[in-house]
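Summary of structural features
Here are the chains, one letter per residue:
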Amino acid sequence: MTVPNINRFARLKKIQVVQASRYLYIRFVATTGDAMGMNMVSKGSERALTTILEQFPDMEILSLSGNFCTDKKPSAVNWLEGRGKSVVSEAVIPAKIVKSVLKTTVAALVDLNISKNLMGSAMAGSIGGFNAHAANVVTAIFIATGQDPAQNTTSSNCITLMEPTGPDGSDLYISCTMPSIEVGTVGGGTILPPQAACLQMLGLRGSTGKSGDNAGELARVICATVLAGELSLMSALAAGHLVKSHLRHNRSTLNVIADTSGTSISKAKCVESDNSVFDVCNNSQSLAQKGPEICISQGARTSETTAGLIEPGTCVLKAS
């Protein structure tokens, strides 16, 4: 059903209603073409509430938004019912690639995915967080293509699954299921020149072809990129390369670093603090015992080399 006099792209598909005592929460579900669609759905919802009020004058409208949407907040309803685009990406990685490129094994990846992404997230009481770092990829692409970065909260909902596959079970099957990717290729930040250029590079700028195709394709690009990121990070964890890679490729150790006096230190020099030396040039010398105390900019410490100053970290152990 088209919402009259509101927008020619909005199509109402269904209405979900839940009740708590005298309070009624209504969730309007609509397609919005290639736009993310929050504004047009808000306009349509307001028009619908006005019409309902005419039929039931004793009703009181408390708010246009009742948090049953749910926008920019973790929620079970988005995880189960979806919001925006719902996408599944999958791939089969040959065993020889897992061994030669990812430097690990299929068995190790499958076991780690269960113990970390599934069990670990369940222990944390996560909703939609059954993945390694989907939010990193989602946020990066959102900023680059003019999406609303705050909607990363919902759009990063993802469950990553891995299992052995192939004739002899030696290859790796990996999939990412993302039920609530909120994206558009028209409106909002997509009109900004840098963001429009990024969409143009993807061949997804504006609205071309069938209405909604470009936005749907952008959601598929995001989900596929999340899968690649999941495979990379999980392989680094399984191989024990995560911290070493962070120290070697840390942004703070590339090119020029500012020291506490406000001057710069070139890559060829080393940073020295509290009798601990870190070789910025080639990372050939490991951090000494006081390595976590190394400061590479005034008043700040890198999260990679500082333990417990900003946020807690966890590890997973398995008894033999």
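Residues numbered from 1 in each chain as written. Predicted model: local features only at pLDDT ≥ 70, side-chain atom pairs only at ≥ 80, totals over all residues. Heavy atoms only, no water.

Description of the pairing of strand β1 (residues 11-20)
Definition in use: If DSSP finds at least two bridges between two strands, the strands pair. Runs of H or I in DSSP of at least four residues are treated as helices and runs of E of at least two as strands, each being numbered from the N terminus.
As judged from the 9 bridges shared by β1 and strand β2 (residues 23-31), these two strands associate in the antiparallel manner. Following the sheet pairing, I15 is matched in β2 by F28. Adjacent in sequence and paired antiparallel, β1 and β2 are bridged by 2 residues, among which S21 carries a positive phi angle near 60°.

Focus on the state of the cysteines
Basically, it comes down to this: Cysteine sulfur atoms that pair up within 2.5 Å are treated as a disulfide.
Taken as a whole and assessed by the stated rule, the structure comprises 0 disulfides. In this structure C176 is a free cysteine whose sulfur lies 4.2 Å from that of C158, the closest cysteine sulfur available.

What to know about unusual backbone geometry
With the exception of glycine, most residues fall at negative phi, and the peptide bonds are largely trans. The step from C69 to T70 runs through a cis peptide bond, and the omega angle for that step is -5°. Here T70 shows up in the loop between α1 (38-55) and α2 (76-81). At K72, a residue that is not glycine, the phi angle is positive and equals roughly 60°. Position of K72 among the secondary structure elements: in the loop between α1 and α2. Positive phi is not limited to glycine here, since K103 has a value of about 60°. Residue position: K103 is located in the loop between α3 (95-100) and α4 (106-123).

Details of the nonpolar core
One broad rule of soluble globular proteins: the nonpolar side chains tend to lie buried together. Quick reminder of the rule: The criterion is simple. A nonpolar core is a set of buried Ala, Val, Leu, Ile, Met, Phe, Trp, Tyr and Cys residues joined through side-chain atoms within 4.5 Å. Each residue's exposure class comes from its accessible area (1.4 Å probe, protein chains only) as a fraction of the maximum for that residue type: buried when under 20%, exposed when over 50%, partly exposed otherwise. By definition, residues are in contact when any of their heavy atoms lie within 4.5 Å.
The biggest cluster of nonpolar side chains holds 33 residues, and the ones touching the most others in it are L172, I181, I222 and V226. Secondary-structure elements contributing two or more residues to this core are β3 (85-93), α4, α5 (134-145), β5 (158-165), β6 (171-181) and α8 (213-239). What V226 contacts, discounting residues up to four positions off in sequence, is A134, V137, V138, C158, C176 and M178.

Digging into helix α7 (residues 193-202)
What counts here: It is the directions from the helix axis to the C-beta atoms that the arc portrays.
If you check which residues of α7 are buried, you get Q195, A196 and L199. Buried residues of α7, seen end-on, are gathered within an arc of 100° and therefore sit on one face of the element. Exposed side chains of α7 directed beyond 90 degrees from the buried face belong to P193, P194 and M201. On its buried side, α7 packs onto α5 and α8. Once α7 ends, the next one or two residues include G203, with phi positive near 75°.

Points about the packing of α4 against α8
Put simply, the rule reads: The angle between two axes is taken between their N-to-C directions and runs from 0 to 180 degrees, where each axis is a line fitted to C-alpha atoms and a helix contributes only its stretch in contact. Each angle receives one of four descriptions, namely roughly parallel if under 35 degrees, roughly antiparallel if over 145, roughly perpendicular if within 65 to 115, and oblique otherwise. Following the grouping adopted for this structure description, the nonpolar residues are Ala, Val, Leu, Ile, Met, Phe, Trp, Tyr, Cys and Pro, the charged ones are Asp, Glu, Lys and Arg, and the polar ones are all others, Gly among them.
At a minimum axis distance of 10 Å, the contact between α4 and α8 shows a crossing angle of 100°. Judged by the angle between their axes, α4 and α8 are roughly perpendicular. Residues A108, L109, L112, N113, K116 and N117 of α4 form the contact with α8, whose own contacting residues are E230, M234, S235, L237 and A238. Broken down by class, the residue content of the contact of α4 with α8 amounts to 6 nonpolar, 3 polar and 2 charged.

Describing the pattern of salt bridges
Convention followed: Salt bridge, as used here: a side-chain nitrogen of Lys or Arg that lies within 4 Å of a carboxyl oxygen of Asp or Glu.
Within the structure shown, the criterion is met by 6 salt bridges. A salt bridge links D71 to K72; its shortest N-O distance comes to 2.9 Å. When the shortest N-O distance is used, the salt bridge between R83 and E182 registers 2.4 Å. A residue pair is termed long-range when its members are at least 10 positions apart, and R83 in the loop between α2 and β3 and E182 in the loop between β6 and α7 qualify at 99 residues.

Here's the deal with the side chain of Q195
Within the element layout of this structure, Q195 appears in helix α7. Apart from residues no more than four positions distant in its own chain, Q195 is found in contact with I143, A144, T145, G146, G189 and T190.

Quick word on the sheet that holds β6
Reading across the sheet, the 4 strands line up as β3-β6-β5-β4 and stay open at both edges, with mixed pairing between neighbours. In this open sheet, the two edge strands, each paired with only one partner strand, are β3 and β4 (129-130). As defined by bridge partners, β5 adjoins β6 across 7 bridges and the pair is classed as antiparallel. Directly across from E163, in β6, lies its bridge partner Y173. On the sheet, α4 packs against β4, β5 and β6 and is oriented at approximately 150° with respect to β5.

Looking at the packing of α5 against α7
Contact pair α5 / α7: the axes reach a minimum separation of 6 Å and the direction vectors enclose 110°. Overall, the two elements α5 and α7 adopt an arrangement that is roughly perpendicular. Residues I143, A144 and T145 of α5 pack against P194, Q195, C198, L199 and L202 of α7. Here the contact of α5 with α7 is composed, by residue class, of 6 nonpolar, 2 polar and no charged.

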